[in-house]
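Inside the fold
Spelled out, the chains give:
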Amino acid sequence: MKATILTIGDEILIGQIVDTNSVSIAKHLNSAGIVVREKISIGDDRTQILDTVARALRDSEVTVITGGLGPTKDDITKKTLAELFHSGMHCDERVAAHVERMLTARGIDYNELNRSQALVPDACTVLFNAHGTAPGMWFERDGHVVVSLPGVPYEMEHLMQDEVMPRLKARFALRQIVHRTLITAGLPESMLAKRIEAWENALPPYLKLAYLPNPGAVRLRLSAYEVEGESVAREIERQFEALRRLIPHNVIGYETASMQELVHRILTERGKTLATAESCTGGTIAARFTAMPGASVYFRCGVVSYSNESKAALLGVDPATIARVGAVSEEVARQMAEGARRVAGADYAIATTGIAGPTGGSAEKPVGTVWIAVATPEGTTAVCKQCGTDRGQIIDRASAFAIALLRDALEQER
């Protein structure tokens, strides 16, 4: 089973909004055993819509469209689909009453434009939208299905879950697609591939391995298509267990697991506490921990000591050290971490100091240079990392490296 996802709207093409709908739709379809063959974004143009949907009908059994169902003149998806399916239009009384109730409750006049929301093509099955004014529409032609949904993400999501997926599962005999993802850290993609080469070569032919690098981590996804799900899931689990034995120190967990979640669990289980002292990362590390429920059990405080003066005043960094070797140095990173641990009364502390750019670099310390330190009851460790050239990338990578360094320290103390 193949599917095409089509998002419609000039606002997507000009970058005014981010298309999250196609991501959500793809997850729904994949979980039911429908392979997404392509995602397409086009503008509010009649010819483009006609040509693209006609092609999707030829190439895919299922086409899911979002956008262009509003009440204004630039929302042309509905009437264009009516044209494609050679269909007249009629007023759906249930939709009309629903739209009037919603608008009245919001204190909005129920005018001619709003009433047009209840006009639907004769050729479609109406998918009732309890969370908005634009109904979804289900069309069929020669065994192929075209679904049109509103572009508002939460409306689309409810319709996919409550209307579209149950209908697709009833309409087609679907076989499963199985995906399972293992999260690794501490090995760059090329080194990881070399380390697990023999394991990868021995995989059954129906299992496909994908490398998905992220800052500070590489995800390994095993996939199987059109299979008996339960037996394949067991085989994937067996393969990943073999991989865990091969690289035990580099495995964080499964699916969306992150390094901070692993550290969060270790600190919670051991009853230990943490503080952070951040310069170039600007509080990103603290934010990653405090975003997790239960962080208050162990997280003492986070200091963003961006200036040299604050490093001295808040963390006790020696101004003479800064004058001698500079703020971006091993000595300052160590003093920041030790100062944060001391001030907060924490068991562990992380510190970062670096050059996030785009200016401020030198031949000795180029943009992207970051010193990271972790202070523990056993002592302080510091490393220098080159974290890239883009400011956002540098902050992201430095934060990931710092949390990984803390994980290493925790693992060594077991």
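Scroll up to find the structure this text is about.
Here we look at the overall build of the chain
Along the chain, the regular secondary structure elements total 16 helices and 17 strands. Against the 2.2 N^0.38 benchmark of 22 Å for 414 residues, the chain shows a C-alpha radius of gyration of 27 Å, more extended than a compact globule. Along the first, second and third principal axes, the C-alpha set of the chain runs to 80 × 55 × 45 Å. Expressed as a percentage of its 414 residues, the buried residues of the chain come to 50%. In the chain, of all internal contacts separated by at least 6 residues, the share reaching a separation of at least 24 is 67%. With an accessible surface of roughly 19400 Å², the chain has 51% of that area assigned to carbon and sulfur atoms. Within the chain, one finds 45 positive and 50 negative side-chain charges whose respective centroids are separated by 5 Å.

Quick look at the packing of helix α13 (residues 308-315) against helix α15 (residues 330-344)
Running from N to C, α13 and α15 cross one another at 40°; their axes reach a closest spacing of 9 Å. Regarding the angle of α13 to α15, the classification is oblique. Between α13 and α15 lies a crossing of left-handed hand. Contact residues: Lys 311, Leu 314 and Leu 315 in α13; Val 332, Gln 335, Met 336, Gly 339, Ala 340, Arg 342 and Val 343 in α15. Across the contact of α13 with α15, the residue classes break down as 6 nonpolar, 2 polar and 2 charged.

A word on the sheet that holds strand β10 (residues 208-214)
An order of β10-β11-β9-β12 is seen for the 4 strands of this open sheet, with the pairing classed as antiparallel. With one partner strand each, in any of the chains shown, β10 and β12 (251-254) form the two edges of the open sheet. Averaged over neighbouring strand pairs, the angle between their axes works out to 25° when direction is ignored. Where strand β9 (residues 176-184) and strand β11 (residues 217-227) come together, 9 bridges link them in antiparallel fashion. Looking across to β11, one finds that Ile 183 is bridged to Arg 219.

Examining the side chain of Lys 311
Tracing the backbone shows Lys 311 in helix α13. Nearest to the buried, unbridged Lys 311 among oppositely charged side chains is Glu 309, at 8.0 Å. Polar contacts involving the side chain of Lys 311 include one to the main-chain carbonyl oxygen of Tyr 306, which spans 3.3 Å. Setting aside its immediate chain neighbours within four residues, Lys 311 contacts Ser 279, Ser 305, Tyr 306, Gly 316, Val 317, Ile 322, Ala 327, Val 332, Met 336 and Thr 353.

What about the packing of aromatic side chains?
Taken as a whole and assessed by the stated rule, the structure comprises 5 aromatic pairs. With centroids separated by 6.4 Å and ring planes inclined at 15°, the aromatic side chains of Trp 199 and Phe 240 adopt a geometry described as stacked. Of this pair, Trp 199 sits in helix α9 (residues 197-201) while Phe 240 sits in helix α10 (residues 229-246), placing them 41 residues apart in sequence. Trp 199 sits in the buried class, given a relative accessible area of 8%. In this structure an aromatic cluster arises from ring pairing among Trp 199, Phe 240 and Tyr 254. Arg 171 extends its terminal NZ or CZ atom over the ring of Phe 172, reaching a point 4.8 Å from the ring centre. Sitting over the ring of Tyr 254, Arg 180 keeps its end group 4.0 Å from the ring centre.

A few points about the nonpolar core
By size, the foremost hydrophobic cluster in this structure holds 58 residues, and its most contacted members are Leu 274, Phe 289, Tyr 298, Ile 350 and Leu 406. Where this core is concerned, the elements lending two or more residues are α11 (259-270), β13 (274-278), α12 (284-290), β14 (299-304), α15, β15 (348-354), β16 (369-376) and α16 (391-412). Looking at this core, the element that brings in the most residues is α16, giving 9 residues. Each residue touching Tyr 298, except ones within four places of it in the same chain, is listed here: His 264, Leu 267, Thr 268, Lys 272, Thr 273, Leu 274, Phe 289 and Met 292.

A closer look at the pattern of salt bridges
Per the stated rule, a full pass over the model turns up 14 salt bridges. Between Asp 59 and Arg 37 there is a salt bridge, with the nearest N and O atoms lying 3.8 Å from each other. Taken together, the residues Asp 59 in helix α3 (residues 46-59) and Arg 37 in strand β2 (residues 35-42) connect sequence positions 22 residues apart. By relative accessible area, Asp 59 is classed as partly exposed at 34%. Residue Arg 167 pairs with Glu 163 through a salt bridge whose shortest N-O separation is 3.3 Å.

Focus: the pairing of strand β7 (residues 136-141)
The pairing of strand β6 (residues 125-127) with β7 spans 3 bridges and is antiparallel. When the bridges of β7 are listed, Val 126 appears paired with Met 137. Between the antiparallel neighbours β7 and strand β8 (residues 144-149) lie 2 residues, among them Asp 142 with a positive phi of about 50°.

Parameters and conventions
Residues numbered from 1 in each chain as written. Predicted model: local features only at pLDDT ≥ 70, side-chain atom pairs only at ≥ 80, totals over all residues. Heavy atoms only, no water. Helix = DSSP H or I, 4+ residues; strand = E, 2+ residues; numbered from the N terminus. Rg over C-alpha atoms; globule rule 2.2 N^0.38 Å. Buried < 20%, exposed > 50% of the residue type's maximum accessible area, 1.4 Å probe, protein only. Contact = heavy atoms within 4.5 Å. Areas by Shrake-Rupley, 256 points an atom, 1.4 Å probe, with all protein chains shown as cover. Lys, Arg positive; Asp, Glu negative; His and termini not counted. Charge placed at Lys NZ, Arg CZ, Asp CG, Glu CD. Axes fitted to C-alpha atoms, helices over the stretch in contact; angles between N-to-C directions. Parallel < 35°, antiparallel > 145°, perpendicular 65-115°, else oblique. Left-handed = near helix turned anticlockwise from the far one by under 90°. Nonpolar A, V, L, I, M, F, W, Y, C, P; charged D, E, K, R; others polar. Pairing = 2+ DSSP bridges. Salt bridge = Lys/Arg side-chain N within 4 Å of Asp/Glu carboxyl O. Polar contact = N/O pair within 3.5 Å; in protein donor to acceptor, adjacent residues only side chain to side chain. Phe/Tyr/Trp six-rings, centres within 6.5 Å; stacked < 30°, edge-to-face > 60°. Lys NZ or Arg CZ within 6 Å of the ring centre and 35° of its normal. Core = buried A, V, L, I, M, F, W, Y, C linked by side-chain atoms within 4.5 Å.

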